[in-house]
Structure formats: C-alpha cells, structure tokens
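# Coordinate inspection notes
Take a look at the letters that make up each chain.
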Amino acid sequence: MSPRNVVFKKICKDKSVGVYMGKRDFVDRVDSVDPVDGVILIDPEALQGRKVFVTLSCTFRYGRDDMDVMGIAFRRELYLATRQVYPPLQDREKGVHTKSQARLLRKLGDNAYPFFFELPDNLPCSVAMQPTPHDAGKQCAVEFEIKAFSAESQDSKVRKRSSVTLTLRKVQFAPESEAVAPSVETTRDFVMSDKPLHVKASLDREMYYHGECIKVHVSVTNNSSKNIKNIIVSVDQVSNVVLYSNDSYIKSVAIEEFGDSVSAGATLQKTYTLLPLLANNRERKGIALDGKLKHEDTNLASSSIVKEGVLKEVLGIMVSYRVMVKLIVGGMMGSSEVGLEVPFKLMHPKPDAVRWRRRWCSRSSSVPT
C-alpha cells in the first residue's frame, strides 16, 4: 500500500500540466469502490490558450506494445472517463469532494483545480502475469491510469510533451467475516481390495494473509491392500484469463514431497506446513501478481472476490487458490494417484486491522526453495 501523508506528483515535460494525488491505492469493497480524486496544477503561460483534461482508464493488456499486428493493439479499454479541468465547468469549491483535495488546493494555490471520478463496482482489481527476467515491455495485466493533458479540445491529438500519466492500483482486502474452515474427504476403492482407502484434508480457516504459513491437516485411513508410497502437498494458484481466451494457468507456488508412507491396514494423522511466497517464484513465468507501482515490490496476486451479478467475462484475470494433497499409491501395474483439492483465499488484511496473524514457519524445511 502507498504510505500515508505522502503526495504523489508528476509534471509533463512542457510544464503546462501536473498531477497531484494523496494516494494511488483505491480500495474495492465489493459493493463500493473508493473514488479517485486529486488535483491538477496548471501553468497558464505554458498552456497558451489550450484546455486541460484528465482521464481515468482501466485497461486489460494481453501483449506487449511491440506485438501490435496490422494496427490491432493487444489491449482493451474496460473503462474510460474524461473530465475537463480547465477552464473549470463549475465553481472550484463544488469540485472538492475529499479532505485530501482541500489540503492540496490550499498548498498549490489559485492555479490548482480538483478532479474526481467514481469507479463502477464491476471492474477488476489490478493484477499482472509475471514475465520472465528476459522479457521486455508490458505483459498481460489489468492496469489503472490517470492521464492529464492539455489540448485544443478533448478529441484533439495529444502531444507527448503536454501529457502526463500516473499509475494507480485498485485493491481488495480480506473481509472481516470468514467462512467455515474448508475440509474435503474422499474414499477410493481398488480392484482386488475388499476395503477402501479414506483420506481427509482440512485447513484451520478459509482466509489467509500474504506471508502466513498454511497448516494442512491430513488424515489417512488405509484399509485397502495397497501401500501409500508418498504424500505430496502443494499450494496451487489458479489464474483464469477470462476476457479474451478463457485460458487457465495452474502454478504450484509452494510444494513439498514429505516422503511419508502408509502401509496397508495402517493410519496416518499429520499436519503439513506450507508458505506460498513470491520470493520463491520470482523467475517463473505466468505467476499472477498483485498490481505494483514503479519502484515498489509486490506479492502473489490476491484471491478475486466478485460482486454477485457481475459478469466474470469482463474482469480480465480471475485468481483463486487451493491446497492439493496427492497420495502416490503403489501397485503391481504401476503407481496411481489419489488427490484432494481444498480451496482457500489469500489476501491482505485491512491496513487498520490489528490481527495480522503472521505465523512464520518454525522450521526452514517447510519453506519451499
């Protein structure tokens, strides 16, 4: 998150227009979204009679700028709104909606003018697919951007020297109310075995915060005649690019092969600990990340929470998480697998929440490398 009491500013090359904002992170509360507000500072002499506009856009990009084919850009505008800031179309006082705007106007003086946008609640949050270290340019991502420019009219060609852009982020925080802790179980029958194999996997809760360990409780009752040769536990990130292709990418962001075995007629009760972190997946292409600002780090993408009734097809990239428990079962004709999927959510807590619940792994062997 952006630090408090910091003013973000950016000025175009010809000095005619500058953008000032009190924050660059805007919270999606599912049923409402923080408004986007700020102040535009102008230089009347540098404008030379031109008007000033500000645009808020949400873009889904699914290819680099240099991949444009036959004039068709690999991008789609999900939202675009434009306001004329100067000359103002209303009294300056009527354009002030937030305390941040009022403070900036007092500080910047008479050549500063407020802008204000209300975002619809059906737009995706900022998310990007991680490129490899050797990839150049922008990759598949949902991006928000404020652009201020001076021109003769809104539809006139905009000179680069007379425009300035500032990247924003739309973020979600974990809801205060939690669902029931997830639990999944399955029973598998085998040929030439009178009794089945029963497996149960459960988590302590449904919501985890970034940086927390995930404890997976596994119970195995092996009444079959088969031997369990190994147990593999992983955290999978599932990213669905729903806008243009409905592609699905499944990446294990934490995985451990514990080597536990369960012989025929035996039982096992054990808790496994995993820690999904971006730090252990930096060079893996296709990992979904939360949107980031320039010179700031980020983390694995947060789980997507969508308002009921919103079409998922317009949300760009949907992210979910699951714990996978795989049992490798030995047999005369080769090994087979018995698997369980336990869904959970991975998000940030609200900044003012005091219950961070950070539980770092107590033993280094549980941290994937």
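Residues numbered from 1 in each chain as written. Predicted model: local features only at pLDDT ≥ 70, side-chain atom pairs only at ≥ 80, totals over all residues. Heavy atoms only, no water.

Take the overall build of the chain next. In terms of helices and strands, the chain carries 2 helices and 20 strands. Put simply, the chain has 369 residues, and 46% of those count as buried. (Helix = DSSP H or I, 4+ residues; strand = E, 2+ residues; numbered from the N terminus. Buried < 20%, exposed > 50% of the residue type's maximum accessible area, 1.4 Å probe, protein only.)

On to the side chain of R24, then. Looking at the secondary structure, you find R24 in the loop between β2 (17-21) and β3 (25-27). By relative accessible area, R24 is classed as buried at 13%. Of note is the side chain of R24, whose polar atom sits 2.9 Å from the backbone oxygen of T167. (Polar contact = N/O pair within 3.5 Å; in protein donor to acceptor, adjacent residues only side chain to side chain.)

Glancing now at the layout of surface pockets. What the second largest pocket holds in volume is close to 810 Å³. Contributing to the lining of the second largest pocket are 47 residues, with H210, D290, N299, S302 and H348 lying nearest its centre. Looking at the lining of the second largest pocket residue by residue, the classes come out as 25 nonpolar, 12 polar and 10 charged. (1 Å grid on protein atoms, 1.4 Å probe; cavity = no way out; pocket = protein on both sides within 12 Å on 5 of 7 lines; lining within 4 Å. Points joined across faces, edges and corners; volume = space filled by probe spheres on them. Nonpolar A, V, L, I, M, F, W, Y, C, P; charged D, E, K, R; others polar.)

What follows is about empty space enclosed by the protein. By the definition in use, this model includes 1 cavity of 30 Å³ or more. F26, V36, L56, L119, F144, L168, R169 and K170 together form the lining of the largest cavity. Sorting elements by how many residues they give to the lining of the largest cavity places strand β10 (residues 163-171) first, with 3 residues. Classifying every residue of the lining of the largest cavity by side-chain character gives 6 nonpolar, no polar and 2 charged.

Another point: the sheet that holds strand β14 (residues 214-222). One open sheet holds the 4 strands; their spatial order is β11-β12-β14-β17, and the pairing between them is antiparallel. The sheet terminates laterally at β11 (183-188) and β17 (267-274), the two strands that pair on one side only. Across this sheet, the average inter-strand angle for adjacent strands is 15 degrees, counted without regard to direction. Where β14 and β17 come together, 8 bridges link them in antiparallel fashion. Among the inter-strand pairings, H217 is bridged to a residue of β17, identified as T271. (Pairing = 2+ DSSP bridges. Axes fitted to C-alpha atoms, helices over the stretch in contact; angles between N-to-C directions.)

So, on to helix α2 (residues 99-108). Among the residues making up α2, those that are buried are S100, Q101, L104 and L105. Projection of α2 onto a plane perpendicular to its axis shows the buried side chains occupying an angular sector of 130 degrees, all on one side. Every exposed residue of α2 that faces more than 90 degrees away from the buried side is listed here: K99, R103, R106 and K107. As for α2, its buried residues are in contact with β2, β4 (36-42) and β7 (112-117). In the segment just after α2, G109 is the residue with positive phi, at about 95 degrees. (Arc of directions from axis to C-beta. Contact = heavy atoms within 4.5 Å.)

The buried count for β7 comes to 6 of 6 residues, which makes it a mostly enclosed element. Residues of β7 alternate between two faces, with A112, P114 and F116 on one and Y113, F115 and F117 on the opposite face, all of them buried. Relative to β7, β4 is paired through 6 bridges, and the arrangement is antiparallel. Note that in β7 the partner of V36 across the bridge is F117.

Read from one edge of the open sheet, 5 strands run β13-β20-β19-β15-β16, paired in mixed fashion. The open sheet has two edge strands with one neighbour each: β13 (207-209) and β16 (247-257). Strand-to-strand twist of the sheet, defined as the mean angle between neighbouring strand axes without regard to direction, takes the value 35 degrees. Bridging between strand β19 (residues 317-329) and strand β20 (residues 336-347) involves 9 bridges; their strand directions are antiparallel. The residue of β20 that forms the bridge with I328 is E337.

Evaluated as defined, the whole model comprises 6 aromatic pairs. Aromatic side chains Y86 and Y113 sit 5.4 Å apart centroid to centroid with 50 degrees between the ring planes, which places their arrangement in the tilted category. On the criterion of sequence distance, the pair formed by Y86 in strand β6 (residues 75-86) and Y113 in strand β7 is long-range, its members being 27 residues apart. Take Y113: its relative accessible area is 13%, and that puts it in the buried class. An angle of 55 degrees between the planes, with centres 6.2 Å apart, marks the rings of F115 and F117 as tilted. F117 carries the same exposure label as F115, and that label is buried. Among the aromatic residues, those joined into a cluster by ring pairs are Y208, Y321 and F344. Directly above the aromatic system of F149 lies the positively charged group of K147, at a separation of 5.9 Å from the ring centroid. (Phe/Tyr/Trp six-rings, centres within 6.5 Å; stacked < 30°, edge-to-face > 60°. Lys NZ or Arg CZ within 6 Å of the ring centre and 35° of its normal.)

Core analysis: the biggest nonpolar cluster contains 74 residues, and I40, I146 and V323 have the highest contact counts within it. Examining the composition of this core, we find that 7 residues originate from one element, β19, more than from any other. Non-local contacts of I146, meaning those with residues more than four positions away in its chain, are made with V19, M21, V36, V54, T55, L56, F115, F117, V164, T165, L166 and L168. By size, the runner-up hydrophobic cluster in this structure holds 5 residues, among which are Y20, V39, L104 and L105. (Core = buried A, V, L, I, M, F, W, Y, C linked by side-chain atoms within 4.5 Å.)

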